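Now for the letters of each chain:
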Amino acid sequence: MVEEREICINGQTITYMLKRSLRARHVRLEVRPQTGLTVVVPHFYKIGKLPGLLESKERWISSNLARFSHFQSSSAKKKLGSGDTVPYLGRDLELVKQENHTGAGDVKLEGNTLAVSPVLFRNGLLELALERWYRAEAAKLIGERVYKLSTQMCVSYKRITIRGQKTLWGSCSRKKNLSFNWKLLMAPEPDIDYVIIHELTHLKEMNHSKRFWELVAQRCHRWRECKKWLREHEPHLTAKLCPEK
């Protein structure tokens, strides 16, 4: 269940989404560019305690909301153009006009550049073409990594879907279907593997218990660093490719 609420902290009224979770064991605060502040609480949590908890986290909430606001405002200043860069597997690729491209939606990886049809720059379709390219790359790379890692972990899944979730890097359903965010292709490969291992581990433990994180750590020793990197860089990755969103 999700509901919208407000709280006044240090003279500032903050709107947030309250989400009750059957799997959560502790209160979790999330700040994302598309949704702002989300507070996830266990289903048994007494809501009367929440105002005091949020007030104790005032500095963290304010600083993160300000940080995400900065990314949103700076990203709206200009659209992507030739010579700009976009992130891919932890490195930056320069966008270059390629006059001999035959297709209007043609995007091609060439070393550390992305060769793009000039038509896309003229017609303002660059972001859509780049998203299609990232989705195709994600389907290939993530599909290969899921197959390899699932074999190593001795787990089986049914289907992989590449999506554009606003608040998730990946998910695993009880029907053993996996979904991954195409924006993962902007992150370094170790962080992509962490997300894949995280979701594959849910095929053994459909929760975030101590046992779950122990299983994750067996395959990804640096999972804390990977999780932190993704959390801290999410607004930058989103703003970099989608400057108007």
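Residues numbered from 1 in each chain as written. Predicted model: local features only at pLDDT ≥ 70, side-chain atom pairs only at ≥ 80, totals over all residues. Heavy atoms only, no water.

All right, on to the packing of aromatic side chains then. Here the structure, examined in full by the defined rule, presents 5 aromatic pairs. When the ring of Y88 is compared with that of W133, the centres are 5.2 Å apart and the planes differ by 50 degrees; the resulting orientation is tilted. Here W133 lies in helix α4 (residues 126-153) and Y88 lies in strand β5 (residues 85-88), a separation of 45 residues in the sequence. W133 sits in the buried class, given a relative accessible area of 9%. Arranged with centres 5.8 Å apart and planes meeting at 45 degrees, the rings of Y134 and W182 form a pair that is tilted. Note that Y134 is positioned in helix α4 and W182 in the loop between β11 (177-181) and α5 (189-201), a separation of 48 residues in sequence. Each member of the pair, Y134 as well as W182, is classed as buried. An aromatic cluster of at least three residues, connected via ring pairs, comprises Y88, W133, Y134 and W182. (Phe/Tyr/Trp six-rings, centres within 6.5 Å; stacked < 30°, edge-to-face > 60°. Helix = DSSP H or I, 4+ residues; strand = E, 2+ residues; numbered from the N terminus. Buried < 20%, exposed > 50% of the residue type's maximum accessible area, 1.4 Å probe, protein only.)

This part covers the packing of α4 against α5. At their nearest, the axes of α4 and α5 sit 10 Å apart, and the two run at 50 degrees to each other. As summarised for this structure, α4 and α5 are arranged oblique, according to the angle between their axes. α4 and α5 meet at a crossing whose hand is right-handed. Every residue of α5 that contacts α4 at L141, I142, R145, V146, L149, S150 and M153 is listed here: I192, D193, I196, I197, L200 and T201. (Axes fitted to C-alpha atoms, helices over the stretch in contact; angles between N-to-C directions. Parallel < 35°, antiparallel > 145°, perpendicular 65-115°, else oblique. Left-handed = near helix turned anticlockwise from the far one by under 90°. Contact = heavy atoms within 4.5 Å.)

So, on to a positive patch on the surface. A cluster of like positive charges, contributed by K158, R159, K175 and K176, occupies part of the molecular surface. Taking the relative accessible area as the measure of exposure, K158 reaches 63% and is therefore exposed. (Patch = residues over 30% accessible without salt bridge, like charges linked within 9 Å, V, L, I, M, F, W, Y side chains within 5 Å. Areas by Shrake-Rupley, 256 points an atom, 1.4 Å probe, with all protein chains shown as cover. Salt bridge = Lys/Arg side-chain N within 4 Å of Asp/Glu carboxyl O. Lys, Arg positive; Asp, Glu negative; His and termini not counted. Charge placed at Lys NZ, Arg CZ, Asp CG, Glu CD.)

The next point concerns the packing of α5 against helix α6 (residues 210-219). It is the contact of α5 with α6, at a shortest axis distance of 9 Å, that shows an interaxial angle of 135 degrees. Relative to α6, the element α5 is oriented oblique. Judged by the twist between their axes, the crossing of α5 over α6 is right-handed. On the side of α5, the interface is formed by Y194, I197, H198 and T201, while α6 contributes F212, W213, L215, V216 and R219. Along the lines of polarity and charge, the residues of the contact of α5 with α6 split into 6 nonpolar, 2 polar and 1 charged. (Nonpolar A, V, L, I, M, F, W, Y, C, P; charged D, E, K, R; others polar.)

Nonpolar side chains in soluble globular proteins tend to end up buried together. Counting residues in each nonpolar core, the largest one holds 48 residues, and the members touching the most others are L95, L114, I142, F180, Y194 and L200. Leave out the neighbours within four places in its chain, and L95 touches L80, G81, S82, G83, D84, V86, L114, V116, F121, L126 and L130. Counting residues in each nonpolar core, the second largest holds 15 residues, with Y16, V31, V39 and Y45 among its members. (Core = buried A, V, L, I, M, F, W, Y, C linked by side-chain atoms within 4.5 Å.)

On to the sheet that holds strand β9 (residues 159-163), then. Read across the sheet, 3 strands follow the order β9-β11-β10 without closing on themselves; strand pairing throughout is mixed. Looking at the sheet topology across the chains shown, the edges are occupied by β9 and β10 (170-172). For this sheet, the mean angle separating the axes of adjacent strands, direction not counted, is 15 degrees. Relative to β11, β9 runs parallel, the two being bridged by 5 bridges. Bridge assignment links T161 to a residue of β11, and that residue is S179. Across the sheet, α4 touches β9 and β11, and the angle it forms with β9 is around 145 degrees. Relative to β11, α5 is tilted by about 155 degrees, and along the sheet it contacts β10 and β11. (Pairing = 2+ DSSP bridges.)

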